[in-house]
Amino acid sequence: FRAESNRDSIPEQVRCALSTGRKFGLYLFWGSTNDAGATIDPNEQVAGITQCVTEIRAYDPKAKIAFFGSSPAPLSELGPWIERVAEIQRKTCLRLKVPFLDQFHASGITTRDAKGLFREDGLHMNEEGYRRLMTAQAEFIAEIKLRNINKEYILKRTEETDRLQDEIEDLE
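Note that the coordinates shown come from a computational prediction; the quantities given were computed from them, not determined experimentally.

Peer 1: Please set out the side chain of Q103 residue by residue, giving values where relevant.
Peer 2: You can see Q103 is positioned in helix α4 (residues 103-106). Those residues in contact with Q103 that lie beyond four places of it in its chain are W30, F68, G69, S70, S71, P72, L133 and Q137.

Peer 1: Can you tell me about unusual backbone geometry, naming the residues and giving the values?
Peer 2: Even without a glycine there, the phi angle at K97 is positive, about 60 degrees. Residue position: K97 is located in the loop between α3 (79-96) and β3 (100-101).

Peer 1: I'd like a rundown of the packing of helix α1 (residues 10-18) against helix α2 (residues 42-59), residues and numbers included.
Peer 2: It is at 9 Å that the axes of α1 and α2 come closest, and there the two elements cross at 10 degrees. By the angle between their axes, α1 is roughly parallel relative to α2. Of the residues in α2, those in contact with I10, P11, V14, R15 and L18 of α1 are G48, Q51, C52, E55, I56 and Y59. Classifying every residue of the contact of α1 with α2 gives seven nonpolar, two polar and two charged.

Peer 1: Quick rundown of the packing of α2 against α3? Include the residues and the values.
Peer 2: With their axes 10 Å apart at the nearest point, α2 and α3 run at an angle of 35 degrees to one another. α3 is crossed by α2, and the crossing has right-handed handedness. Contact residues: P42, Q45, V46, I49, T50, V53 and R57 in α2; W81, V85, I88, Q89, T92, R95 and L96 in α3.

Parameters and conventions
Residues numbered from 1 in each chain as written. Predicted model: local features only at pLDDT ≥ 70, side-chain atom pairs only at ≥ 80, totals over all residues. Heavy atoms only, no water. Helix = DSSP H or I, 4+ residues; strand = E, 2+ residues; numbered from the N terminus. Contact = heavy atoms within 4.5 Å. Axes fitted to C-alpha atoms, helices over the stretch in contact; angles between N-to-C directions. Parallel < 35°, antiparallel > 145°, perpendicular 65-115°, else oblique. Nonpolar A, V, L, I, M, F, W, Y, C, P; charged D, E, K, R; others polar. Left-handed = near helix turned anticlockwise from the far one by under 90°.

Given below as structure tokens:
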């Protein structure tokens, strides 16, 4: 689900998605660089993330939720602020037990190589920057899927073991 308009707040967009009656395999949030601008109140971000996760879990208790932290912006004067906001996002996700991708570190983008990865404004990535970021994102999602497959496998094997133990007890 992707909202038709960016005018609504993220919690409003979540409510709109949930109102469709559909359940999704993964609810994925991305704390965009724009959301991390110097005017955002960090407490507002914490409250918004908490509200979204709480509403999704109330709607779909088995929901898988993940969060991409704000993207790095090492050439922008907002870079250090955005990194602090990403840390707030990380701590919030940790508290809520939501897998979090720290894009500052996972992307490997540093001030040294940033000139070839960002547009002139130093805040928005170019195609190569997004390619590098998407690689980290794809690996993160693949890891989540693999963890879920392993969890399902273990649960099935546990159920089989329990069933076999019951059968053995019945035979004795």
